[in-house]
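One-letter residues, chain by chain:
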Amino acid sequence: LGSVVAYFTSAKFLLYLGHALSTWGDRMWHFAVSVFLVELYGNSLLLTAVYGLVVAGSVLLLGALIGDWVDKNSRLKVAQTSLVVQNSSVILCGVILMIIFLFKTQLLTLYHGWLLTLCYILVITIANIANLASTATAITIQRDWIVVVAGEDRSKLADMNATIRRIDQLTNILAPMAVGQIMTFGSPMIGCGFISGWNLMSMCVEYLLLWKVYQKTPSLAHKSAKVEASELKQLNVKKESDVKPAEGVQLIVEKDVTGFEPQQEKEVGCAARIAEPFITFRDGWVAYYNQPVFLAGMGLAFLYMTVLGFDCITTGYAYTQGLSGSVLSLLMGASAVTGIMGTVAFTWLRRKCGLIRTGLISGVAQFACLILCAISVFMPGSPMDLTVSPFADISARLFENEPLPTIASPEPEMIFATGMPNLLNGSIAPANSDPEMSPESVPLISVSLLFAGVIAARVGLWSFDLTVTQLLQENVIESERGIINGVQNSMNYLLDLLHFIMVILAPNPEAFGLLVLISVSFVAMGHIMYFRFAQKSLGKQLFVCHTPDPKAAPDSSPPGNTSTV
């Protein structure tokens, strides 16, 4: 009994609990905000698309700056500030959305509808701020706090990373289902109120949990005081000629050790202040490129350039092939199960073969499963026809002055139960509305192989994701964890943005097979990059599987340093 109580009061468990609350709120909000925007804008995907573009662009541009802010401030300050900003933004957004739902008719008549447009802009802006704060929270908790709590025990770090991913997998499925039911049996306004109330309660509990974890882990109060020349450059602090360089270094070291007090120095010029974010952005990307795990990080980022996941693109395609919402719900549940299996496989493989080899095995497993997706493109039932122009429907409507397709009066229950609007043809309903080609008559061999490959590949995907995550945790120095992981997030969003652009260029179901083949190619390129990283790291011992010392974890040494292998 004493050991059980000790576990439930340990810093590790409190960290899990705080992450579960945070992720649950995040998943509810990310699901609901897209549905709210569709509902508000006359069942059109325009606002949702603008929101997605703004979020991706913001993290792409500001990822390095967010990471730099994480590095320059104390851990508790960063965690608490990002927590309060994130939850306050969601609460404020929920209140504004409730007002819009209540008074939309009146807002439309005021100032020729410009007041309503201003409300839309305000919602997207505040929601974007919430997402940026969520990014800061993820960097500081999942890339820094967890490393300090685990201490020098890398097996413990691997287990904690795997547990965090299991929590992510469960909340990815359960949170949207919960808020979807509330909106289905209640209303969008009730959904807004519930999410706002949840975030208010969750913010208070998470704040307390963070404080408890901080108290139970004294090492969190100390950040590395090491200051590199490049880091001094990032600070962009220009001093008078009578200040010696050594004094400048000492000043920054004292700031780090004493809890990041404001730096007492002469005010820099306006031009220098304007240039500082751009210099930080440049130096962050340069530092990322110079990391020993650069190729591993790039390999992970390339996996985001894919339509082979359970996002709105793939599920929209599934609707065109006649799969119902209930079947898709079951498939999403199966993907969550295989994702959890991937986290279990990661911990087992790491113990048996070491960290770097785990990434290789996971990559091979993922790619082998995705071969099924490539084969599905050429199987009966596949709509792939490259002779059909992806812009034929759009150009015909433009020249014939027909309205562009929007979501065609869907049942609210269908949106709230699945949250998967069909982006391929602009309709929630399946595209196969031709009586001669009804959903029941479409051969399901192709789509079945596609989803079999996607679901099976989740085992390798999540194991590979955990491998690269731990490589970044172990090989990036403490004083650069924030900025390097910020740039990694930017890379992930960049490739994710490219995958949406790819879909925009070829939005019709007939071209989806080509998108599948391109996606498989990008996954292959990502794993080739990782193979090159592993080859540099382990040399001739790359394929020699052994059981490493769990605390030493010698095979996670930086590339070029093979003497410890």
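These figures come from a predicted structure and were not determined experimentally.

Colleague: Which residues make up the overall build of the chain, and what values go with them?
Modeller: Across its full length, the chain holds 19 helices and zero strands. Out of the 565 residues in the chain, the part that is buried amounts to 51%.

Colleague: Requested: an account of helix H4 (residues 75-109), with residues and values cited.
Modeller: The end-to-end C-alpha distance of H4 is 48 Å, a good match for the 51 Å that 35 residues give at a rise of 1.5 Å each. At Phe 103, H4 is deflected by roughly 80 degrees, the largest bend along its length.

Colleague: Help me get a handle on helix H3 (residues 46-72), residues and values and all.
Modeller: For H3, built from 27 residues, the straight-helix expectation of 39 Å at 1.5 Å per residue is met to within 8% by its first-to-last C-alpha distance of 38 Å. Approximately 55 degrees is the largest bend angle found in H3, and it occurs at Leu 62.

Colleague: Just give me the short version of the state of the cysteines, but keep the residues and values in it.
Modeller: Summed over all chains, the structure comprises zero disulfides. Of all cysteine sulfurs, the one in Cys 93 lies closest to Cys 192, which takes part in no disulfide; the gap is 9.0 Å.

Colleague: Please set out the packing of helix H2 (residues 11-40) against helix H5 (residues 114-150) residue by residue, giving values where relevant.
Modeller: The description of two helices packed together rests on the angle between their axes and the distance between the axes. Close contact between H2 and H5 brings their axes to 11 Å; oriented N to C, the two are set at 160 degrees. Judged on the interaxial angle alone, H5 and H2 are roughly antiparallel. Relative to H5, the crossing made by H2 is left-handed. Contacts between H2 and H5 involve Ala 11, Lys 12, Leu 15, His 19, Asp 26, Trp 29, His 30, Leu 37 and Leu 40 from the former and Tyr 120, Val 123, Ala 127, Asn 131, Ser 134, Ile 141, Gln 142, Trp 145, Ile 146 and Val 149 from the latter. Split by residue class, the contact of H2 with H5 holds 12 nonpolar, five polar and two charged.

Colleague: Describe the pattern of salt bridges, with residues and values.
Modeller: Scanning the entire structure with this criterion turns up nine salt bridges. Note that Arg 282 and Asp 283 form a salt bridge whose closest N and O atoms lie 3.0 Å from each other. Linked by salt bridges that have partners in common, Arg 75, Asp 144, Glu 478 and Arg 481 make up one network.

Colleague: Quick one: what's the story with the environment of Lys 72, residue by residue and with numbers?
Modeller: When you line up the elements, Lys 72 lands in helix H3. For the pair Lys 72 and Ser 479, spaced 407 residues apart in sequence, the C-alpha separation works out to 8.3 Å. Here Asp 68 takes part through its side chain, which lies 3.0 Å from a polar atom of the side chain of Lys 72.

Colleague: Break down the packing of H2 against helix H6 (residues 154-185) for me, with residues and values.
Modeller: Orientation of H2 relative to H6, taken along the N-to-C sense of each, is 35 degrees, at an axis distance of 8 Å. For the crossing formed where H2 meets H6, the hand is right-handed.

Colleague: Outline the nonpolar core, listing residues and values.
Modeller: Counting 71 residues, the largest nonpolar core has Val 307, Leu 308, Phe 451, Val 516 and Tyr 530 as its most contacted members. Take this core: its biggest share by element is 13 residues, from helix H17 (residues 445-475). Residues lining this core come from more than one domain, with at least three contributed by each of domain 1 (1-220) and domain 2 (275-389 + 443-539). Among residues more than four places away in sequence, those in contact with Val 516 are Val 307, Leu 308, Cys 373, Ala 374, Val 377 and Leu 450. Leu 47, Tyr 51, Leu 107 and Cys 192 belong to the second largest nonpolar core, which has 57 residues in total.

Colleague: Could you give an account of the packing of aromatic side chains, naming the residues involved and the relevant values?
Modeller: Evaluated as defined, the whole model comprises 17 aromatic pairs. Summarising the aromatic geometry, the rings of Tyr 7 and Phe 13 are spaced 5.6 Å apart at their centres and angled 55 degrees between planes, so their arrangement reads as tilted. In this structure Tyr 7 comes out as partly exposed when scored by relative accessible area, which is 36%. When the ring of Phe 464 is compared with that of Tyr 530, the centres are 5.1 Å apart and the planes differ by 75 degrees; the resulting orientation is edge-to-face. Taken together, the positions of Phe 464 in helix H17 and Tyr 530 in helix H19 (residues 512-538) put the pair 66 residues apart, joining distant regions of the chain.

Colleague: Any chance you could break down a nonpolar patch on the surface for me, citing the residues and the numbers?
Modeller: Where nonpolar side chains cluster on the molecular surface, the patch consists of Tyr 41, Leu 46, Val 50 and Val 54 and spans about 290 Å² of accessible area. Of note, Val 50 is situated in helix H3. The exposure class of Val 50 is partly exposed, given its relative accessible area of 34%.

Colleague: Just give me the short version of the environment of Phe 451, but keep the residues and values in it.
Modeller: With respect to the secondary-structure elements, Phe 451 resides in helix H17. With 75 residues separating them along the chain, Phe 451 and Ser 376 place their C-alpha atoms 9.3 Å apart.

Here is what the cut-offs are and how they apply
- Residues numbered from 1 in each chain as written.
- Predicted model: local features only at pLDDT ≥ 70, side-chain atom pairs only at ≥ 80, totals over all residues.
- Heavy atoms only, no water.
- Helix = DSSP H or I, 4+ residues; strand = E, 2+ residues; numbered from the N terminus.
- Buried < 20%, exposed > 50% of the residue type's maximum accessible area, 1.4 Å probe, protein only.
- Expected span 1.5 Å × (residues − 1).
- Bend = angle between axes of the 7 residues up to and from the residue.
- Disulfide = S-S within 2.5 Å.
- Axes fitted to C-alpha atoms, helices over the stretch in contact; angles between N-to-C directions.
- Parallel < 35°, antiparallel > 145°, perpendicular 65-115°, else oblique.
- Left-handed = near helix turned anticlockwise from the far one by under 90°.
- Contact = heavy atoms within 4.5 Å.
- Nonpolar A, V, L, I, M, F, W, Y, C, P; charged D, E, K, R; others polar.
- Salt bridge = Lys/Arg side-chain N within 4 Å of Asp/Glu carboxyl O.
- Polar contact = N/O pair within 3.5 Å; in protein donor to acceptor, adjacent residues only side chain to side chain.
- Core = buried A, V, L, I, M, F, W, Y, C linked by side-chain atoms within 4.5 Å.
- Domains from an automatic or database assignment.
- Phe/Tyr/Trp six-rings, centres within 6.5 Å; stacked < 30°, edge-to-face > 60°.
- Patch = residues over 30% accessible without salt bridge, like charges linked within 9 Å, V, L, I, M, F, W, Y side chains within 5 Å.
- Areas by Shrake-Rupley, 256 points an atom, 1.4 Å probe, with all protein chains shown as cover.

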